[in-house]
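A structural walkthrough
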Amino acid sequence: MSGHDHHHDHDHDHSELSETQLRVRALETVLTEKGYVDPAALDLLIETYEKKVGPRNGARVVAKAWADPDYRARLFKDATPAVAELGFAGRQGEHIVALENTAKWHNMVVCTLCSCYPWPVLGLPPVWYKSAPYRSRAVADPRGILADFGVTLPKDTEIRVWDSTAEIRYLVIPMRPAGTEGWSEEKLAELVTRDSMIGTGLAKDPK
Amino acid sequence: MNGAHDMGGVHGFGPVEAEPNEPVFHADWEKRAFALTLAMGMPGGWNIDMSRFARENRDPAEYLSMSYYQIWFVALEIMLKERALVAEDEIAAGHALHERKPVTRVLSPDDVLKVLHRGGPTERETNTRAAFKVGDRVRAKTIHLLTHTRLPRYVRGHAGVIERVIGCHVFPDSNAHGAGENSQWLYTVRFGGRELWGADGDPTLTVSVDAWEPYLEKL
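Definitions and limits used
- Residues numbered from 1 in each chain as written.
- Chains lettered and ligands numbered in written order.
- Predicted model: local features only at pLDDT ≥ 70, side-chain atom pairs only at ≥ 80, totals over all residues.
- Helix = DSSP H or I, 4+ residues; strand = E, 2+ residues; numbered from the N terminus.
- Buried ≥ 20, exposed ≤ 12 C-beta atoms within 10 Å, placed from the backbone.
- Core = buried A, V, L, I, M, F, W, Y, C linked by C-beta atoms within 7 Å.
- Contact = placed C-beta atoms within 7 Å.
- Pairing = 2+ DSSP bridges.
- Expected span 1.5 Å × (residues − 1).
- Domains from an automatic or database assignment.
- Nonpolar A, V, L, I, M, F, W, Y, C, P; charged D, E, K, R; others polar.
- Axes fitted to C-alpha atoms, helices over the stretch in contact; angles between N-to-C directions.
- Parallel < 35°, antiparallel > 145°, perpendicular 65-115°, else oblique.
- Left-handed = near helix turned anticlockwise from the far one by under 90°.

1. As for the overall build of chain A
Within chain A one finds eleven helices and four strands. Overall, chain A is about 55 × 50 × 35 Å in size when its C-alpha atoms are taken along their principal axes. Burial statistics for chain A: of 207 residues in total, 49% are counted as buried.

The structure is reproduced here in structure tokens:
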């Protein structure tokens, strides 16, 4: 590609983005002028998902399930109230199911049709979760997906993929790493990554 | 509809590329498009299934060429225009030009956290009995609707096992088109990897989907 073409493409992309930026701004102004939206409510929605709700919530659930056998039992029996015990509930987490990873099977969650994801415990999904490569391959080649994430599981591990086609939201409870006996929930939570709760990763090794 | 959104099993998209330390939003307009979509649900009067259909109901080439929040934003514009809450000339002008249509409720800052915490549960009471029980063998029907459905193409025509009877839930196929909630029994159905993908499929793989009773037939 010549330098000229490259420059042209760049301008083209840039103007397309500007077009969306301008339209979003225009629509917000129109909706505000008509009294349909309150900009302060928009700011609070953004702040909530940018700063408050995120995978640290889910990590607390997982750490508690690792450390507290009674909580673990409640979580696997009915996750929605168990998650709500920690204050996490609501939009895109109205009906939560916790999936247990074991030495015999590994769970992985996808939404092939759109981007369903348990917001109250994981926040908004990352771009890759919503992307065509993940949505297309997770249900057919989950080991290939795991390889993209640098994860290799034993050949005989059963792979259980969950396609979130309804309003049930799935949270993977990764296996507790060895060598963490007696750890506090706070310390355990540091080992729980977002990807380990989607099933594209494992909990961090404490060593 | 058999749209580009129904991606399970499609080839050629390449590897998954995760962005290290990814921000929640990648641009200011994404934040505003996200918040506008959430805030307009209440005054707009649409439901989540209508939103999903507005996003997926487009030329496949267009769907695949747009970013996630671009799709959200275009769907929001469509739903607002359909309900005559906003007109194209107003977006072009960047100002309200037409009379305000009355709406039932506007989301106030005081209500934001309450509304998010409440969410929108979809389970409903029912007097009907579930047609299937755990362990039953079922087949996902072969259907090709022009309208909204949540039965992905890659399971249609395939046999699976009822893994869980979830409860009675709002039926998106009706709810997306203003035909009421028409709640139906919802099940988790598990399919074997080789049933879905043939002899070359991963023998250690199972795929579970949540499927409403009208999607299934008993085997």
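2. Topic: the nonpolar core
Membership of the largest hydrophobic core comes to 114 residues, with the highest contact counts inside it found for Leu45, Val62, Val161 and Leu171 of chain A together with Leu36, Ala39 and Ala211 of chain B. Residues contacting alanine 39 of chain B, with those up to four places away along its chain left out, are Val37, Ala41, Leu42 and Leu45 of chain A together with Leu107 of chain B.

3. Things to note about the pairing of strand β2 (residues 159-169) of chain B
All names here are of chain B. As defined by bridge partners, strand β1 (residues 137-140) adjoins β2 across three bridges and the pair is classed as antiparallel. Across the sheet, arginine 137 pairs through a bridge with valine 161, a residue of β2. Pairing analysis gives seven bridges linking β2 to strand β3 (residues 184-192), with the strands arranged antiparallel. Opposite arginine 164, over in β3, you have threonine 188 as the bridge partner.

4. Looking at helix α4 (residues 68-82) of chain B
Residues and elements named next belong to chain B. In this model α4 runs 21 Å from its N-terminal to its C-terminal C-alpha over 15 residues, within 8% of the 21 Å that 1.5 Å per residue would give. Three or more residues of α4 are buried, namely Tyr69, Ile71, Trp72, Phe73, Ala75, Leu76, Met79 and Leu80. At the exit of α4 stands alanine 84, carrying a positive phi of roughly 55 degrees.

5. So, the domain arrangement of chain B
All names here are of chain B. Domain parsing of chain B yields domain 1 (28-118) and domain 2 (137-218). When each unit is reduced to the centre of its C-alpha atoms, the spacing between domain 1 and domain 2 is 29 Å. Here the side of domain 1 that touches domain 2 is composed, by residue class, of two nonpolar, one polar and two charged.

6. Brief notes about the domain arrangement of chain A
The domain boundaries assigned to chain A delineate domain 1 (3-37) and domain 2 (54-198). Centre-to-centre separation of domain 1 of chain A and domain 2 of chain A, based on C-alpha positions: 36 Å.

7. Comments concerning the sheet that holds strand β4 (residues 205-212) of chain B
The strands making up a sheet associate through hydrogen bonds between their backbones, and the pairing can be parallel or antiparallel. Pairing is mixed in the open sheet, where seven strands are placed in the order β2(A)-β3(A)-β4(B)-β3(B)-β2(B)-β1(B)-β5(B). Two strands close off the open sheet at either side, each with one partner strand: β2 (105-110) of chain A together with β5 (216-218) of chain B. Pairwise comparison of adjacent strand axes, ignoring direction, gives a mean angle of 35 degrees for this sheet. Relative to β4 of chain B, β3 of chain B runs antiparallel, the two sharing seven bridges. Its bridge partner lying in β4 of chain B, arginine 190 of chain B is registered against serine 208 of chain B.

8. A few points about the interface of chain A and chain B
Counting residues at the interface gives 66 residues for chain A and 70 residues for chain B. Those elements that place two or more of their residues in the side of chain A that touches chain B are α1 (3-33), α2 (39-52), α7 (127-130), α8 (132-137), α9 (142-148) and β3 (158-163) of chain A. Broken down by element, the residue count for the side of chain A that touches chain B peaks at eleven residues, all from α1 of chain A. Of the residues belonging to the side of chain A that touches chain B, the class tally is 34 nonpolar, 15 polar and 17 charged. Pairing geometry for β3 of chain A and β4 of chain B, over five bridges, is parallel.

9. Let's talk about α2 of chain A
Taking 1.5 Å as the rise per residue, α2 of chain A with 14 residues should run 20 Å; its terminal C-alpha atoms sit 19 Å apart, in good agreement. Where α2 of chain A is buried, its residues contact α1 (28-44) and α6 (112-118) of chain B.

10. Considering the environment of arginine 105 of chain B
Residues and elements named next belong to chain B. Mapped onto the secondary structure, arginine 105 falls in the loop between α5 (88-93) and α6. Residues arginine 105 and leucine 38, spaced 67 residues apart in sequence, show a C-alpha to C-alpha distance of 13 Å. Among all residues touching arginine 105, those that are not within four sequence positions of it are Met42 and Pro43.

11. What about the packing of α2 of chain A against α1 of chain B?
One way to put it is that α2 of chain A packs onto α1 of chain B with a least axis distance of 9 Å and a crossing angle of 110 degrees. The pairing of α2 of chain A with α1 of chain B is recorded here as roughly perpendicular in orientation. α1 of chain B is crossed by α2 of chain A, and the crossing has right-handed handedness. Residues Ala41, Leu42, Leu45 and Ile46 of chain A of α2 of chain A pack against Lys31, Arg32, Ala35, Leu36, Leu38 and Ala39 of chain B of α1 of chain B. Residue composition of the contact of α2 of chain A with α1 of chain B, by class: eight nonpolar, no polar and two charged.

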